[in-house]
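# Examination of the molecular architecture
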There are 2 protein chains.
Amino acid sequence: MPGTLLLLLAYLTYLVLGAGVFWLLESPAAHDSSERFQHDKWALLRNFTCLDGPALDSLIRGIIQAYQNGDIVLDNTTSMGRWEFVGSFFFSVSTITTIGYGNLSPRTMGSRLFCILFALVGIPLNLVVLNRLGHLMQQGVHSCARVLGGTWKDPAKARWLVGSSALLSGLLLFLLLPPLLFSHVEGWSYVEGFYFSFITLSTVGFGDYVIGENPRREAGGAPSTHLPVVRVPGHLLRARPWMNPSRNYPLWYKNTVSLWILFGMAWLALIIKLILSLLEAPRGSQSAIWRDL
Amino acid sequence: MPGTLLLLLAYLTYLVLGAGVFWLLESPAAHDSSERFQHDKWALLRNFTCLDGPALDSLIRGIIQAYQNGDIVLDNTTSMGRWEFVGSFFFSVSTITTIGYGNLSPRTMGSRLFCILFALVGIPLNLVVLNRLGHLMQQGVHSCARVLGGTWKDPAKARWLVGSSALLSGLLLFLLLPPLLFSHVEGWSYVEGFYFSFITLSTVGFGDYVIGENPRREAGGAPSTHLPVVRVPGHLLRARPWMNPSRNYPLWYKNTVSLWILFGMAWLALIIKLILSLLEAPRGSQSAIWRDL
Ligand SMILES: [K+]
Ligand SMILES: [K+]
């Protein structure tokens, strides 16, 4: 019981420290961009004389409300990610993996209730699949180590070598190489792609980056020339060609990403399980954990 | 190996079926609201003669971009949920629990990298805490059953009774009663509150509903009278008083909700583990699972 209290205290401290760092890192940027937005709003007001301040505020509020409700689809077309079959499938994946990007979320009461039932069975089912995949990966690593240990007559060295190369190749395959693909197809920077990869595979899924409905195919983030460009002041309207339905994603892309999510989650679950055992294990038994890997 | 293929096939079938249902349920509503939005846009264009079609499109696109970037803060004030300490703390909780609502997400590269490190240690730490809490809950149920079994001289009946009342009281405490609180404080309907509760505790966290930054305190969702009401056509501007900084949340509210998240997740993890063992267990051993509970 005192152990539990200590654990809760450590947990709280960790959260408070994290909150402090995020506060320090984000609040200046948030303040800046809020000021920039106010500045742009005044520029807009000067240009569009038929809008007064409260009307513009109201307009902005209404547009964001409509966006939150999922009402906004520009140019009479639907983007790839919305409620067609492919979009619905990706939504289903994001639900049962508990990633929950939230770029799509059910709007009708019927589909909300269905979503709950779907998740109630789907989340355990997904865990079963991830467990099985993780088990297969572990088995592969173990049999490699056994074969190599038999050849070398040095099982400890073989285990160590195979274990670390498995760790490294997983890191490459699931976290370090995919950002290259994303930066090519989605136009993100490498760090943005890496951030997306980690936030996805850890199932946090903020939804600030989602594949398949993103801006700028063009390198460097230059605005697409397909969209009408209007000369209005302020960077408010120097926006990226967001939700551009004219961009083509390669056909193999979403399937490959789905496979990456599945195997990557299984792999990251193994890694998190490893960190978990390191956190939970009493001192001295940690070498046993490394051996188990 | 054929078992794994069958499992993957079942998984894929489940996803395809779910996608089909979501497609059927959501696409008509999405189509309707998209049409309504187009209609409202034309009404706006008639009213604001200084805006032409492309300028309005560009304006809408720019506003949504700014909103996605977290730039928009109306009325020069910051809402409760943003990057102050309380907001950062709630963001930290949402990250390490992997809920990841995404109403806030880190914007600067520094805080994104910190976020990855923070999650890498925080997610396992959170799992340790949840495991401990779940273990304590199970122990409580077991010792109740033991005491009652000793009194009644009928351990099986005592186990059954204590187990089902634990299930029922968990259901009440974590899923059925909290929506009442949310509907009181946030102004959601009961079903909306229930949907929020489930989506939160299952760690899906779409972010379509988040506590602490919500519209209408008033019953029935009537617009607040604190905001300037502008007469402009279309329901686009009949928006709810969204991000209204003048609303007061009770002081105990966010702490209570954090505790609910913590204990509720531990409880739901137990339930999902139960469903998981039912899915994974070979036939015949299922009664053993019920006994373990
Ligand atoms: K999530
Ligand atoms: K999420």
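Because the structure is a prediction, the values reported are computed rather than measured.

## Let's talk about the coordination of the potassium ion (ligand 2)
Around the potassium ion (ligand 2), the protein contributes the donor atoms A:Ile99 (O), A:Gly100 (O), A:Val204 (O), A:Gly205 (O), B:Ile99 (O), B:Gly100 (O), B:Val204 (O) and B:Gly205 (O), which lie 2.7 to 3.0 Å from the metal centre. Between the potassium ion (ligand 2) and the potassium ion (ligand 1), a spacing of 3.1 Å is present, and a bridge between the two is formed by A:Ile99. One end of the pair, B:Ile99, is in the loop between α3 (85–96) and α4 (109–152); the other, B:Gly205, is in the loop between α7 (190–201) and α8 (253–280), with 106 residues separating them in the sequence. Of the two residues examined, B:Ile99 and B:Gly205, each falls in the buried class.

## Focus: unusual backbone geometry
The backbone phi angle of A:Thr98 is positive, close to 60 degrees, even though this residue is not glycine. Mapping A:Thr98 onto the fold places it in the loop between α3 (85–96) and α4 (109–152).

## Quick look at the packing of aromatic side chains
Here the distance between the centres and the angle between the planes together describe a pair of aromatic rings. Evaluation of the coordinates by the stated rule reveals 38 aromatic pairs over all chains. On the basis of an interplanar angle of 15 degrees and a centroid distance of 6.1 Å, the ring pair of A:Tyr101 and A:Phe196 is categorised as stacked. Of the two residues, A:Tyr101 is situated in the loop between α3 and α4 and A:Phe196 in helix α7 (residues 190–201); the sequence distance between them amounts to 95 residues. Each member of the pair A:Tyr101 and A:Phe196 is classed as buried. Between B:Phe114 and B:Phe118, the aromatic rings sit 5.7 Å apart at their centres with planes inclined by 25 degrees, giving stacked as the arrangement.

## Quick notes on the UniProt feature "transmembrane region" (unreviewed entry) in chain A
Residue and element names in this part refer to chain A. The feature "transmembrane region" (unreviewed entry), as given by UniProt, occupies residues 85–104, 111–130, 160–182, 194–211 and 257–276 in the numbering adopted here. In this annotation, residues 85–104 is assigned 60% helix and 0% strand; the end-to-end C-alpha distance for the span is 13 Å. For the annotated span residues 111–130, helix accounts for 100% and strand for 0% of the residues, and the straight-line distance between the end C-alpha atoms is 26 Å.

## Overview of helix α5 (residues 155–176) of chain B
Residue and element names in this part refer to chain B. Relative to the 32 Å expected for 22 residues at 1.5 Å per residue, α5 spans 30 Å between its end C-alpha atoms, a close match to the ideal helical length. The set of residues buried in α5 consists of Ala158, Val162, Gly163, Gly170, Phe174 and Leu175. What you see down the axis of α5 is that its buried residues fit within an arc of 165 degrees, all on one side. Turned more than 90 degrees away from the buried face of α5 sit Trp160 and Leu168, all of them exposed. Those residues of α5 that are buried lie in contact with α4, α6 (178–186), α7 and α8.

## Focus on the relation of the copies chain B and chain A
The two copies are related by a screw operation: chain B maps onto chain A through 180 degrees of rotation and 0.0 Å of translation along the axis, at an RMSD of 0.1 Å. The operation mapping one copy onto its partner corresponds to a two-fold rotation axis. Comparing interface residues between copies, 100% of those in chain B also sit at the interface in chain A, which points to an isologous, same-surface contact.

## Notes on the side chain of B:Ser202
Residue placement: B:Ser202 occurs in the loop between α7 and α8. Looking at B:Ser202, its side chain comes within polar contact range of the main-chain oxygen of B:Ile199, at 3.4 Å. In this structure B:Ser202 touches A:Thr98, A:Ile123 and B:Leu268, once residues within four positions along its chain are discounted.

## Notes on the packing of helix α6 (residues 178–186) of chain A against helix α8 (residues 253–280) of chain A
All names here are of chain A. Close contact between α6 and α8 brings their axes to 13 Å; oriented N to C, the two are set at 155 degrees. Judged by the angle between their axes, α6 and α8 are roughly antiparallel. α8 is crossed by α6, and the crossing has left-handed handedness. Only Tyr253, Val257 and Trp260 of α8 make contact with α6, whose side of the interface consists of Pro178, Leu181, Phe182, Val185 and Glu186. Class assignment of the residues belonging to the contact of α6 with α8 gives a composition of 7 nonpolar, no polar and 1 charged.

## Let's talk about the layout of surface pockets
The computed volume of the second largest pocket comes to approximately 1200 Å³. As for the second largest pocket, its lining consists of 42 residues, of which A:Leu127, A:Ala269, B:Leu127, B:Ala269 and B:Ile272 are closest to the centre. Elements supplying a minimum of two residues to the lining of the second largest pocket: α4 and α8 of chain A together with α4 and α8 of chain B.

## Brief notes about the interface of chain B and chain A
Taken together, the contacts link 124 residues of chain B with 126 residues of chain A. For the pair chain B and chain A, the two sides together bury roughly 11900 Å², of which 75% comes from carbon and sulfur. Taken together, chain B and chain A are joined by 0 salt bridges. The tally of links from chain B across to chain A stands at 22 residue pairs in polar contact (both at pLDDT 80 or more).

## Some points on the side chain of B:Thr4
By the element assignment, B:Thr4 lies in helix α1 (residues 2–47). Residue classification places B:Thr4 among the buried residues on the basis of a relative accessible area of 6%. Leave out the neighbours within four places in its chain, and B:Thr4 touches A:Arg132 and A:Leu136.

## Here's the deal with the confidence of the model for chain A
All names here are of chain A. Per-residue confidence for chain A gives a mean pLDDT of 76, with 77% of residues at or over 70. Model confidence for chain A, summarised as mean pLDDT per element, is weakest for helix α9 (residues 286–292) at 51 and strongest for α7 at 93. Note on residues 75–81: pLDDT under 50 across the span, and 20 contacts to partners over four residues away in sequence or across chains. A low-confidence stretch, residues 215–246 stays under pLDDT 50, and its non-local contacts, those more than four residues away or across chains, total 67 contacts.

## Some points on the packing of α4(B) against α8(B)
How two helices pack is summed up by the angle between their axes together with the distance between the axes. Residues and elements named next belong to chain B. Their axes nearest at 9 Å, the elements α4 and α8 cross at an angle of 75 degrees. Put simply, α4 runs roughly perpendicular to α8. Mapping the contact onto sequence places Asn126, Val129, Leu130, Asn131, Leu133, Gly134, Met137 and Gln138 in α4 and Leu262, Phe263, Met265, Ala266, Trp267, Leu270 and Lys273 in α8. Tallied by class, residues from the contact of α4 with α8 come to 10 nonpolar, 4 polar and 1 charged.

## With respect to a nonpolar patch on the surface
A cluster of nonpolar side chains, contributed by A:Met109, A:Leu113, B:Leu168, B:Leu171, B:Leu172, B:Leu176, B:Leu177, B:Leu180, B:Tyr190 and B:Val191, occupies part of the molecular surface with about 810 Å² of accessible area. Of all the secondary-structure elements, those providing two or more residues to the nonpolar patch are α4 of chain A together with α5 and α7 of chain B. If one sorts the elements of the nonpolar patch by residue count, α5(B) sits on top with 4 residues. For A:Leu113, a relative accessible area of 43% translates into the label partly exposed.

## Side note on the environment of A:Leu56
Considering the arrangement of structural elements, one finds A:Leu56 in helix α2 (residues 53–68). The class of A:Leu56 is buried, set by a relative accessible area of 0%.

Reading the values: rules and limits
Residues numbered from 1 in each chain as written. Chains lettered and ligands numbered in written order. Predicted model: local features only at pLDDT ≥ 70, side-chain atom pairs only at ≥ 80, totals over all residues. Heavy atoms only, no water. Donors = N, O, S within 2.8 Å, 3.2 Å for Na, K, Ca; no water. Helix = DSSP H or I, 4+ residues; strand = E, 2+ residues; numbered from the N terminus. Buried < 20%, exposed > 50% of the residue type's maximum accessible area, 1.4 Å probe, protein only. Phe/Tyr/Trp six-rings, centres within 6.5 Å; stacked < 30°, edge-to-face > 60°. UniProt positions renumbered as here; feature names shortened; annotations may be inferred. Expected span 1.5 Å × (residues − 1). Arc of directions from axis to C-beta. Contact = heavy atoms within 4.5 Å. Least-squares fit on C-alpha atoms with pLDDT ≥ 70 in both. Polar contact = N/O pair within 3.5 Å; in protein donor to acceptor, adjacent residues only side chain to side chain. Axes fitted to C-alpha atoms, helices over the stretch in contact; angles between N-to-C directions. Parallel < 35°, antiparallel > 145°, perpendicular 65-115°, else oblique. Left-handed = near helix turned anticlockwise from the far one by under 90°. Nonpolar A, V, L, I, M, F, W, Y, C, P; charged D, E, K, R; others polar. 1 Å grid on protein atoms, 1.4 Å probe; cavity = no way out; pocket = protein on both sides within 12 Å on 5 of 7 lines; lining within 4 Å. Points joined across faces, edges and corners; volume = space filled by probe spheres on them. Buried area = accessible area lost by both parts, 1.4 Å probe. Salt bridge = Lys/Arg side-chain N within 4 Å of Asp/Glu carboxyl O. pLDDT = per-residue confidence, 0-100. Patch = residues over 30% accessible without salt bridge, like charges linked within 9 Å, V, L, I, M, F, W, Y side chains within 5 Å. Areas by Shrake-Rupley, 256 points an atom, 1.4 Å probe, with all protein chains shown as cover.

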